[in-house]
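Architecture at a glance
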Amino acid sequence: MLLITAGSHYTFLGGLPPRLLSKRASNVKGVTKKYELNYDWHLLGPTVWTEESTVTLQVDLHSYEHGPALWGAIGNWWEGLESSTEDGERVAYEGGANFPKPVRVSDRHVTAWIVSSGQDAFDTIAHYANVMRDVAVEADAEVAAVWTELPHRG
């Protein structure tokens, strides 16, 4: 079973324990589990969630053997989305979600974000987390994923 564990870098989120912030997707028989929506996510954050709040899921993907293929697959998927430019940065979007540019943290690790707001924000993010997972699994069937539910804004 492959897991990426949450580290101390999550302490900026108000000191909430990482177990409340991250869902780890493990490999079971070579397949990374799908993201499951946390129905208590709306309770995270210093403010009360409303339909105008912005919700962000951080997706950390780690490939022990096929990092370049993972980066290529996520990058190609992101490049294929519709986009606009905000503050000089390209932001991709589709179906009620925005996708800031993914970051290649190392040869084996990619971090991406899914951002949404409105009544269906959490369902939209859950949908696209699994789309992103499917893209990653095509590049590496043994990819490890961590879903970090960041506190909402606004």
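For the structure itself, look to the data block above.
Let me begin by describing the structure that accompanies this report.

Definitions and limits used
Within every chain, residues take consecutive numbers counted from 1 along the sequence as written. Two thresholds apply to this predicted model, a pLDDT of at least 70 for residue-level local features and 80 or more for giving and counting side-chain atom pairs, whereas whole-chain, interface and lining totals are computed over all residues. With hydrogens and water set aside, each side-chain value is computed from the structure's full complement of heavy atoms. Helix and strand definitions follow DSSP, with helices as H or I runs of at least four residues and strands as E runs of at least two, each counted in order from the N terminus. Helix span, expected: 1.5 Å multiplied by one less than the number of residues in the helix. Under the scheme applied here, a residue whose accessible area is under 20% of the maximum for its type counts as buried, over 50% as exposed, and between as partly exposed, the area being computed with a 1.4 Å probe on protein chains only. In this context, the arc is that of the directions from the helix axis out to the C-beta atoms. Between two residues, a contact is recorded if the distance between any of their heavy atoms is within 4.5 Å. For this analysis, a nonpolar core means a set of buried residues of the types Ala, Val, Leu, Ile, Met, Phe, Trp, Tyr and Cys, connected via side-chain atoms within 4.5 Å. Note on pairing: two strands pair once DSSP finds at least 2 bridges between them. Centres within 6.5 Å make a pair out of two Phe, Tyr or Trp rings, where for Trp the six-membered ring is used; the pair is then stacked when the planes are under 30 degrees apart, edge-to-face when over 60, and tilted otherwise. Note on geometry: a ring has a charge over it if NZ (lysine) or CZ (arginine) is within 6 Å of the ring centre and within 35 degrees of the ring normal.

1. Remarks on helix α2 (residues 67-79)
Taking 1.5 Å per residue as the helical rise, α2 with its 13 residues ought to reach 18 Å, and the 18 Å between its terminal C-alpha atoms agrees with that figure. Along α2, the residues that are buried comprise Gly67, Leu70, Ile74, Gly75, Trp77 and Trp78. For α2, the arc enclosing every buried residue in end-on projection is 160 degrees, short of the 170-degree limit, so these residues lie on one face. What points out from α2, more than 90 degrees from its buried face, is the exposed set Pro68 and Asn76. Where α2 is buried, its residues touch β4 (54-62), β6 (89-94), β7 (97-100), β8 (103-106), β9 (109-117) and α3 (121-139).

2. Thoughts on the nonpolar core
Among soluble globular proteins, nonpolar side chains are generally buried collectively. One finds Trp41, Leu57, Phe99 and Ile114 to be the most contacted residues of the largest nonpolar core, which totals 32 residues. Every element with two or more residues in this core is listed here: β4, α2, β7, β9, α3 and β10 (144-153). The element best represented in this core is α3, accounting for 10 residues.

3. Quick word on the pairing of β4
The element β4 is largely enclosed, with a buried count of 8 among its 9 residues. Bridge count between β4 and β9: 9 bridges; the pairing is antiparallel. Bridge pairing in β9 places Val55 opposite Ser116. Two strands pair when backbone bridges link them, and β4 and β10 are joined in this way by 8 bridges, in the antiparallel orientation.

4. Regarding the packing of aromatic side chains
Enumeration according to the criterion identifies 5 aromatic pairs in this entry. Ring geometry for Trp77 versus Phe99: centroids 5.1 Å apart, planes at 80 degrees, classification edge-to-face. In this pair, Trp77 is assigned in helix α2 and Phe99 in strand β7, connecting sequence segments 22 residues apart. Residue classification places Trp77 among the buried residues on the basis of a relative accessible area of 15%. Residue classification places Phe99 among the buried residues on the basis of a relative accessible area of 1%. Pairwise contacts between aromatic rings join Trp41, Trp49 and Phe122 into one cluster. For the cation-ring pair, Arg90 lies above Trp78, with the distance from its terminal atom to the ring centre recorded as 4.3 Å.

5. A few points about the environment of Asn98
In this fold, Asn98 is placed in strand β7. On the basis of relative accessibility, which here comes to 31%, the residue Asn98 falls in the partly exposed class. Taking the C-alpha atoms as reference points, Asn98 and Trp113, separated by 15 residues in sequence, lie 8.2 Å from one another. Those residues in contact with Asn98 that lie beyond four places of it in its chain are Val91, Ala92, Tyr93, Trp113, Ile114 and Val115.

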